[in-house]
Structure formats: structure tokens, C-alpha cells
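Read off the chains here:
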There are 4 protein chains.
Amino acid sequence: MNGRLLITCHDRHGIVAAVAGFLAASGANIISSDQHSTDPEGGEFFMRMEFNLEQGDLASLGRAFQQEVAAQFDMRWRLADGAAPKRMAVLVSKEDHCLVDLLWRHRRGELDATIPFVASNHPDWITDVAGFGLVYHHVPFPNEPELLSLLKGNCDLIVLARYMRILSGDFLEQVGVPIINIHHSFLPAFAGANPYQRAYERGVKIIGATAHYVTEELDAGPIIEQDVARVSHREHSDTMVRLGRDIERTVLARAVKWHLEDRVLVHGNRTVVF
Amino acid sequence: MNGRLLITCHDRHGIVAAVAGFLAASGANIISSDQHSTDPEGGEFFMRMEFNLEQGDLASLGRAFQQEVAAQFDMRWRLADGAAPKRMAVLVSKEDHCLVDLLWRHRRGELDATIPFVASNHPDWITDVAGFGLVYHHVPFPNEPELLSLLKGNCDLIVLARYMRILSGDFLEQVGVPIINIHHSFLPAFAGANPYQRAYERGVKIIGATAHYVTEELDAGPIIEQDVARVSHREHSDTMVRLGRDIERTVLARAVKWHLEDRVLVHGNRTVVF
Amino acid sequence: MNGRLLITCHDRHGIVAAVAGFLAASGANIISSDQHSTDPEGGEFFMRMEFNLEQGDLASLGRAFQQEVAAQFDMRWRLADGAAPKRMAVLVSKEDHCLVDLLWRHRRGELDATIPFVASNHPDWITDVAGFGLVYHHVPFPNEPELLSLLKGNCDLIVLARYMRILSGDFLEQVGVPIINIHHSFLPAFAGANPYQRAYERGVKIIGATAHYVTEELDAGPIIEQDVARVSHREHSDTMVRLGRDIERTVLARAVKWHLEDRVLVHGNRTVVF
Amino acid sequence: MNGRLLITCHDRHGIVAAVAGFLAASGANIISSDQHSTDPEGGEFFMRMEFNLEQGDLASLGRAFQQEVAAQFDMRWRLADGAAPKRMAVLVSKEDHCLVDLLWRHRRGELDATIPFVASNHPDWITDVAGFGLVYHHVPFPNEPELLSLLKGNCDLIVLARYMRILSGDFLEQVGVPIINIHHSFLPAFAGANPYQRAYERGVKIIGATAHYVTEELDAGPIIEQDVARVSHREHSDTMVRLGRDIERTVLARAVKWHLEDRVLVHGNRTVVF
């Protein structure tokens, strides 16, 4: 049994020893361990330990951990079952590059998830999604109530693979699972609409894409991953769009993979990615 | 004799043939040629031709070019003498990385320029600059009139190698030569003060630097070059500062080199870099 | 009518003027022009001009060009019809990432080509290829005669999208069209088999991929494009394989796109990519 | 008191708990911790822990660690004093870019080391080195005995900042400290002499540089860091040399910094860089 323990707390003397000692005493063999402190003197401490548990179950281990370690250090913590793939719903609009790439990576075994369905405000990708053996829901806009009934309780993660409709704060609250979006600019530059056109007009020499968790404030949630590509005066905004597609799909795939592997801890508006 | 002809005009049929034909008929051997059109139908056309002229002089060639070619196509054009290094004044404040790098590249022969002097609102780098055999003017702030009298008429280019004082619109107009600044962020993100601190707070995964021509609007002039470096949650704003130094000096050096080689054409708020 | 004129010859005075003058006089409007000389004094000269021809046809233009310009400068040249997509056959073995990416880009309109068929020594990808509406030939190994009869005369370009069988010199000669291969290392490092395993053993910190024209000597043909990705001690050769897939498909797609747009000139074992 | 504990051993159950528990019990506060296992089942385990020790000394801590932890797990380990800068001797020949960059970074406080002297088989850089307030030894080639008497016992690290003479196996053995070299190619491609010329001839699209520990076999020692830059057909081998300088100095500086911070563990011909 493979487990992943994620911890956030105030940095104090003895945390690593306490956690590692507890796991060793519980018969858990640590496979990988990462930690980070914003400041060893009174900063915030983050830790991810991946381990194999030869006997026992994660629920019991968690209860013991809370009593024996977490309470003492006032930890926020989470224990994820590495053998239980997350349920990942994908939302898409008119652009297929992120969708096709995610589905292909899923088929290749790169993404440890199940995909209960793909939903879209357009019917365009039904054949492609069926070709991957997956369910497609066409939910024309406006569609928040219908989307909500599809998603709520049926997924652990929502990926906006170029879903071009803004989700309301009420929707975010009710759906209750993390949402990863890919924004087609190097945030915080060109937040909002038409980033490639605005990048062209500003004359930038590098364009980018940003994968982030969705919060109520548009394009302002915690950034998980970013990447960039060079452009020159030769690129118009439409060739930037083409170059951008390659970055968008790659950045989104990395962010989703890291989330699925429980590597991302959110702290305020920043992320720690182990 | 080496010449560089830079042309901007509305795109029309026959420009390349007219320019190349004129140069060939004038005994100029084209070494390199670059062109760009924002749109072959009615867009803006840019060209740079570098050539060797076996006999004759550039001034005569220019007069003939105006009459025989430029007038007909309503060209804005400039003819630069490739054998005449530009005079490049360097302004610096408390950070030495861009300064030292420029002076070292100049000594290596990477930058085809003369450096009439380095000026600073601080006395810190006088020994370093003297070590490169160059003149250093310490001009304490406020200093625009004194700077102006040093610079005006004595340089063809001003490089702000991390000069941390804003120059007034009046100064820019009076000094009358291009000014290249290095901004320590990936513009347009984090324009203005303290970009690394703000990048840290926003939790970006990539930082950058931007070399641009100075205009009256702060950090909004035409971008010549940008580059980036990856950061992670491990970097605080002070380690970003260290990583950023390496990008800043490289980006500034590239922009300065291209300007000195007459490779940069400004068009509105964008640049064409051949 | 869109044409692309590609020229190689010894560098001499007046080439650009002659070519541009000829095109202008022929009613061709130059859209883009690139040139390169290995040495203005007696080096090799390369040029690509893309133009619109308002009336007339490319064949007549070519005949006139040979008489009026090419003969005089002893040029090797080629005139491609920009409106005639090339026929691109794709060969693949057990790995689908390059195949799926090429077919998807083709569907998106990124690659200006027709795909007469995909052929493979394995039956694995027949459903995927059919999903893109394309023909799939399963040609079990050994298969050179059958491949040859499929390919010869039916394509203008062959793309080895991770086709893992070596093609004989006799095959190359008979098939008579360019072949682009993607090698999963940063050539010339790790030419031959198992490059990721060997990269792991050597402890490199960066891996890469190389798209090149196939010649009789294994992995030694002219390089069209390369790209790289960082790896660390954390990567085993199998995670390198996964990271490498993203580079391979991108590098191959770029090389194929440039070839299809007649941007690649081969000179000895080197390429000029305009 | 700041200490860095570096451990290599066979991976077994309980290592992290044992080490962290020992440090906690000894009053050491862990600042950062990194670990890596080539395989949790019987692979090789690597660990670096940086800690503050409020009282006591590192020598006593080390003796206790050997008895209480290291013996039991059959560890190879090393305890470095984070407050004791290493003595770093620099060797250079005719190219100054790596030398100047190292000395400038040292002055900026980026490199936690003392520099007892710079030595060279040429007299060229004596003024520059004096400008940084450092000692310069001109030791004309052949010079191994003289170099050896300068270096032996007087440094903890030797940096070959483009020192273009091969050091004999006998020299390496006698000098007895690690030696970091910068090779101006992307090893293992173009090992040996004239890498840029050979890269040009092979027509690569990316060049690189490699920092590695020196072993008796030329350019075959464990790689610490590599980086690359794009080149095109426009670059001749001499412009590659110029572009390469920027990569070389950056790659060497990173490798040296990581070594000085005790972040590099060598394992066979590979490195783990924490």
C-alpha cells in the first residue's frame, strides 16, 4: 500500500524526526521525502513523504498520526492513497489541443486518473472523445446548474482544458473540488481576454502559458506551472496562437500530473511543488 | 567601406528589386539582407542591408539613394557606417553586474563601440571602471542638468546599466539619442519598482528581464530583448535577485550589441530585430 | 499563385539584385526573402524567396529564370508551388507519440500536406489512423520491397515517426524522395540504439532529440532541428523516455513543417533553415 | 554553527528516521533536507541534511553519528562545516571569461570560498587578478611539479577555468582534491579538442557546455552541470565561440557554487546534485 503524506505547519525544531520516526515505527518505508521551509526561524514548513506500508491501512495510520504527531505540531495534513487514481473531469470549448493531449497522455499511462467524462459548451469533440472510449456531455451555455449536477460528487479534480467560460464564485464553492485552468499568457501579464493579441501589440519577445488553480478572482489563483517560447517580429498574433498551443498543452499536462501525484501544496496565493 | 542601410516604408511591389538593383549598380556588394513585412498587402515594410562598397563614400551613396529609390517609395531610411563605432555612455547606480559585464564584453571586442565615460549617482565603481581604462563621473542625485551637459553631443547611445533614477521627459527630449534600459522583470509583468518582490508574492514559476528603449512612460518603451529563468518555491525574493542578475546582464548585452550593429528598427511601440 | 524559389550558388556580386530584378520584372511580388552566405568572399550563397505571381505560371517563370539568371550565376535552384501540398507518407513502429502529434497537427491545418497513408511494421495504430480518416498499411518486417512499392512514386516526403527499422542504402536510392527521421538523442551524442539508457549511464543533465534527413550512414544525415529538456539525478532512463517523448514530437513536427514550406536547404552535411 | 551532513549507503528501511532522530536528539535544527534513492528496493540512497547546531561542535557530533547511526547502516558520510569557506584555487590559460566571472561572483558574495591564488601558464591576467586583490602565479608550461607544489595542501578545490593543458593521472592523484573543469561542448558530444569547430562541421542546431569533475580519462568524469544555446546556419565556428562563452561561464559558476555548498555527491560516473 502506497501512501502520500502532505503536511503544512509552522516550522519548529524536530518535525522531520517526529514524522520520519512515526512512519518508521508504523512499518512504513519512505520512498521519497521533500520538505521546504519559508524560513527556519518561524516560517511555514511544508513536507511530502511518499511511503510503502507493508501492513495496516491508511485510515488507521492517519488516526494515529493525528494523535501522536500532528496534534503536537498543530499540523494541517492530508494522507492520500497512491493506489487510488483521482477522478478527473475535463471541460473544453472550441480549442482541442489541450483536450487531445490530456486524453492521449491518459491513454499512454502518463496521468494516474480516471476520466468520468468530458463536458463542453460545444458538440465539436464528441467523436474524438469517443475514440478514446470516454463519455462526452454537450452542455450548451448558459449551463452552470447542469454542469454542477454532472460534476458535484462525481470527480476529485476539474481540468479546464481551454474552457472559455467564466465559472461563478457560487459554482466554485458548490462544486467543492480543485479546478485547474490553463491561461494562454505568462500571468500576471495579459490576464483576461485575448492575451496573444495584446502580447503582439506590446511587442514582447517571449510568450507563455500558465496553469493555475481557479479562484473567484479571474486569472489570479495560485500558479502551478508556467512555460514560455520565443517569438520575434515575424510572428503575428495568429502565429503566436499556434506556437502558444504547444506551450499550453505541455504546461497544463505537467500541472495536472503533479496535482494527481499530490505534489502541489497551496499556501496563500503561492504553490509549493515537490 | 562597410555600410548598413535601414529602410521603413509601406509595403509595395518592387522594393527589394529597387534597393538591390541600386546597390549593385553602385558597386556595393551585399553581405547580408533581411526584410520583414507586417502584411504583403499594404503593411509596413522593413529592410536591413549590409554591404561593402569598394569605392565611393557613404554620403554620396545616400544622396543618390534618396533621389533614385527612397523618394519614389516614400521611405524613411538611414545609412550607417559599419566602420564607425558608436559612442556609448553608460549610467549605473548601486548594482555592478550589468556594468562589469558590458565593460568586459567591450574589452573582449564583442561590442563595437567607444565608451566616452561611465556616470553614476554613486562613487562605488570608480576603481573598476578605471581598471578598464575608462573615465568615471560621479554625479550625485539630483543631477539631470549635470548629466545632460556630460551627455549631450558626446554620445550616440546611452545605456542604463541598472541606473535606478527616472529620467524626465524633458531630459529625454534634450539628450536626443536613444537610451536602452534593462528592467529586471519580464515586462509588462511587474513594471515599476521591486519586481522580484512582487514576482515572489505572485508565486510565478519563471522570472525574466527586459531590455527596452526608454520613453517618457515608465517601463513602457519598445522591447528589444527579453529572457527568462525558472524559479521554484525554494527561491525567496533575494535568491531571485541573484538569479535575475545573470539574465539581466545577458539580455542587456544582447540588446546593446544589436543596437550597435544597427539591427533594431522601431515601429510604434514594437521593434524589428534583424 | 504562390511560389517559392530556392537557390544555391557560389557567392558573387549582384545575385540579390539579379533575382529580385527578375522577379519584379516578371510581375512577382516578393512576400519574404531570406539569404545566407557562408562567406561573402567566395563562400556558398543560399536564398529563399517567396512571392505571389499575379499572372503567368511557375513553369514558364522557371524556364525564363534559368535562361535569364540561373545560367549566368551557375545556380542550383528549385521552384516550388506554394499552393500544391506535398504528399507525405508516415512510417511508424511501436511508439505512437510522434504519429498522433503529426496527424493531429495535420488535422489542425498546421502541416500543409496530404497524407496518402501511414505504414507500420506493427498493426497497433490502425484504429487511431482510421479515426483521422487516413489509410493504414500494416507491412510486417522484413518489408523493404513491399514498402518500396507502396512509397515509390506516391509521396514527396517520407517521415519516420519513430520507425525503428534501418532502411538500406538501396532502398533510399530507389525511393528517391527525402526522408526525415526523429532520433531520440541530442546527436551526435548517443547515435544508434538505446540513447536514453546511455544518457542515463553517462549522467547527462540535459537530454534531447534530433530531426534529420536520412542518409545511408546511420544517424549521421543533415540535422534539421534539435531541442532539449533538463533532467536530474531523479530521472531514471524510463522517466527520460517519457520526458523525451515531448521533445521528440515537437522537434519532428517543426522539421516536417519547415520541409513542407520549402525552408530547408541541404549543403553537404549541414542545413540552412530559412 | 551550521553543518551539512552528506550520506551515501544502500537503501534500507528507517534511514531517514534514524538520521533525523539523531540530529533532533543532538540539538540540531534541520534547515533543509534532500534525499534520493536509485531504487527503494535495494538501490543506493543519498542524503544531504543542512542544520544549525545550537551547542556542541561538529567533530563530537560526527563521532557520535558514526557510532549511533552510520555504523549500523554501513554509511559513507561526510560532515561539512557550513561556516568554513573552502579554499578554491583557479587555473586559467588564454581565455578570461570564466576567470573574470568567477572572480566577480566571488566579490559579489555568490561563492562561499576563499581564493588563495590564481595560476596560469600565461602571464596575461595578472592585472585583472590583482584588481580583485588576489595573487597570480605565472607558471609556464611544462609546469606540473611547480603547480603541484603550489596547490598541494593549499586548497580544497581546484577550478579549471578554461585551463587548456591536460593534467596527468599522477598529478590528479597527488594533488588529492576535487578538480572541476569546464568543457566547451555538450559532453559526450565533441569530447577532446576544438568542439566548436566540430559542432559547426556536424551542423548541430544547439551548442552546450559541461562542468565535470576531472578524472584521468579526458572529458569523461562525472558531469555536474550542463547548459545549451541555440545556433543557426548563420553562426560560424567563431560566433559559436562567442555564444559559447556565455554558457561556459554560467555553467561553471553553477557547478562551483553547488560544490562549495556541498550539494554534489558523486556515485560512480554520475552525480546527485541536491
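Description of the overall build of chain A
Turning to step 1, where the next piece is worked out: Scanning chain A from N- to C-terminus turns up eight helices and 14 strands.
Turning to step 2, where the next piece is worked out: In terms of overall size, chain A behaves like a compact globule, its C-alpha atoms giving a radius of gyration of 20 Å where 274 residues would be expected to give roughly 19 Å.
Turning to step 3, where the next piece is worked out: Overall size of chain A, expressed as C-alpha extent along the three principal axes, is 60 × 40 × 35 Å.
Turning to step 4, where the next piece is worked out: Taking all 274 residues of chain A together, 46% fall into the buried category.
Turning to step 5, where the next piece is worked out: A separation of at least 24 residues holds for 67% of the contacts in chain A among residues at least 6 apart in sequence.

Here we look at the interface of chain A and chain B
Much of the literature gives interface size as the accessible area that the parts lose upon coming together.
Turning to step 1, where the next piece is worked out: Listed per partner, the contact involves 22 residues of chain A and 22 residues of chain B.
Turning to step 2, where the next piece is worked out: Counting only elements with at least two residues in the side of chain A that touches chain B, the list comes to strand E12 (223-230) and strand E14 (270-273) of chain A.
Turning to step 3, where the next piece is worked out: Broken down by class, the residue content of the side of chain A that touches chain B amounts to ten nonpolar, seven polar and five charged.

Description of the nonpolar core
Turning to step 1, where the next piece is worked out: Counting residues in each nonpolar core, the largest one holds 330 residues, and the members touching the most others are Ala161 of chain A, Ala161 of chain B, Ala161 of chain C together with Ala161 of chain D.
Turning to step 2, where the next piece is worked out: Residues within four places of alanine 161 of chain C in sequence aside, it is in contact with Val90, Leu91, Val92, Cys98, Leu99, Leu102, Ile182 and Leu252 of chain C.

Quick look at the relation of the copies chain A and chain B
Turning to step 1, where the next piece is worked out: Structural alignment of chain A on chain B gives an RMSD of 0.0 Å, achieved by rotating through 180° and translating 0.0 Å along the axis. Here the two chains are linked by the operation of a two-fold rotation axis. Minimal C-alpha distance to the rotation axis in chain A is attained by alanine 189 of chain A, lying at 2.4 Å.
Turning to step 2, where the next piece is worked out: Residue by residue, 100% of the interface of chain A is reproduced at the interface of chain B, so both copies engage with the same surface.

Focus on helix H7 (residues 195-202) of chain B
Residue and element names in this part refer to chain B.
Turning to step 1, where the next piece is worked out: Those residues of H7 not exposed but buried are Pro195, Tyr196, Ala199 and Tyr200. Angularly, the buried residues of H7 cover 140° about the axis, an arc narrow enough to put them on a single face.
Turning to step 2, where the next piece is worked out: In this fold, the buried residues of H7 make contact with strand E11 (206-213) and helix H8 (237-260).
Turning to step 3, where the next piece is worked out: Where H7 ends, the next residue or the one after it, glycine 203, has phi of about 75°, a positive value.

Some words on the relation of the copies chain A and chain C
Turning to step 1, where the next piece is worked out: Take chain A, turn it by 180°, move it 0.0 Å along the axis, and it overlays chain C with an RMSD of 0.0 Å.
Turning to step 2, where the next piece is worked out: With an isologous cut-off of 70% or more, the 100% of interface residues of chain A that recur at the interface of chain C puts this contact in the isologous class.

What to know about the domain arrangement of chain A
All names here are of chain A.
Turning to step 1, where the next piece is worked out: Domain boundaries in chain A define domain 1 (2-81) and domain 2 (86-273).
Turning to step 2, where the next piece is worked out: One C-alpha centre belongs to domain 1, the other to domain 2, and the line joining them spans 31 Å.
Turning to step 3, where the next piece is worked out: Contacts between domain 1 and domain 2 engage eight residues on the former and five residues on the latter.
Turning to step 4, where the next piece is worked out: For the side of domain 1 that touches domain 2, the secondary structure elements donating two or more residues are strand E1 (2-10) and strand E3 (44-53).
Turning to step 5, where the next piece is worked out: Among the residues forming the side of domain 1 that touches domain 2, the class breakdown is three nonpolar, two polar and three charged.

Some points on the packing of helix H3 (residues 97-108) of chain D against helix H8 (residues 237-260) of chain D
Residues and elements named next belong to chain D.
Turning to step 1, where the next piece is worked out: Between H3 and H8, the shortest axis-to-axis distance is 9 Å and the interhelical angle comes to 45°. Judged by the inter-axis angle, H3 sits oblique to H8. As for the relative orientation of H3 and H8, their crossing is right-handed in sense. Along the contact surface, H3 presents His97, Cys98, Asp101, Leu102 and Arg105, while H8 presents Arg245, Glu248, Arg249, Leu252, Ala253 and Val256.

Re the environment of tyrosine 200 of chain C
Residues and elements named next belong to chain C.
Turning to step 1, where the next piece is worked out: By secondary structure assignment, the location of tyrosine 200 is in helix H7 (residues 195-202).
Turning to step 2, where the next piece is worked out: Considered as a pair, tyrosine 200 and histidine 233 are 33 residues apart in the sequence and their alpha carbons are 8.8 Å apart.
Turning to step 3, where the next piece is worked out: Residues contacting tyrosine 200, with those up to four places away along its chain left out, are His236, Ser237 and Met240.

Some remarks on the interface of chain A and chain C
Turning to step 1, where the next piece is worked out: The interface of chain A with chain C comprises seven residues on the first partner and seven residues on the second.
Turning to step 2, where the next piece is worked out: Within the residue set of the side of chain A that touches chain C, elements represented by two or more residues are helix H3 (97-108) and helix H8 (237-260) of chain A.
Turning to step 3, where the next piece is worked out: Considering each element in turn, the side of chain A that touches chain C owes the most residues, three residues, to H8 of chain A.
Turning to step 4, where the next piece is worked out: Tallied by class, residues from the side of chain A that touches chain C come to two nonpolar, two polar and three charged.

Section: the pairing of E12 of chain A
Residue and element names in this part refer to chain A.
Turning to step 1, where the next piece is worked out: The buried count for E12 comes to six of eight residues, which makes it a mostly enclosed element.
Turning to step 2, where the next piece is worked out: As defined by bridge partners, strand E11 (residues 206-213) adjoins E12 across seven bridges and the pair is classed as antiparallel. Bridge pairing links threonine 210 to glutamine 226 in E12.

Considering unusual backbone geometry
Turning to step 1, where the next piece is worked out: Here the residue pair leucine 187 of chain A and proline 188 of chain A is connected by a cis peptide bond, since its omega of 10° sits within 30 degrees of zero.
Turning to step 2, where the next piece is worked out: Residue position: proline 188 of chain A is located in the loop between strand E10 (179-183) and helix H7 (195-202).
Turning to step 3, where the next piece is worked out: Of the consecutive residues phenylalanine 141 of chain D and proline 142 of chain D, the connecting peptide bond is found in the cis state with omega at -5°.
Turning to step 4, where the next piece is worked out: Summarising the element assignment, proline 142 of chain D is placed in the loop between strand E8 (136-138) and helix H5 (144-151).
Turning to step 5, where the next piece is worked out: Positioned with a positive phi, arginine 162 of chain A is a non-glycine residue whose angle comes to about 65°.

Conventions and cut-offs
- Residues numbered from 1 in each chain as written.
- Chains lettered and ligands numbered in written order.
- Predicted model: local features only at pLDDT ≥ 70, side-chain atom pairs only at ≥ 80, totals over all residues.
- Helix = DSSP H or I, 4+ residues; strand = E, 2+ residues; numbered from the N terminus.
- Rg over C-alpha atoms; globule rule 2.2 N^0.38 Å.
- Buried ≥ 20, exposed ≤ 12 C-beta atoms within 10 Å, placed from the backbone.
- Contact = placed C-beta atoms within 7 Å.
- Nonpolar A, V, L, I, M, F, W, Y, C, P; charged D, E, K, R; others polar.
- Core = buried A, V, L, I, M, F, W, Y, C linked by C-beta atoms within 7 Å.
- Least-squares fit on C-alpha atoms with pLDDT ≥ 70 in both.
- Arc of directions from axis to C-beta.
- Domains from an automatic or database assignment.
- Axes fitted to C-alpha atoms, helices over the stretch in contact; angles between N-to-C directions.
- Parallel < 35°, antiparallel > 145°, perpendicular 65-115°, else oblique.
- Left-handed = near helix turned anticlockwise from the far one by under 90°.
- Pairing = 2+ DSSP bridges.

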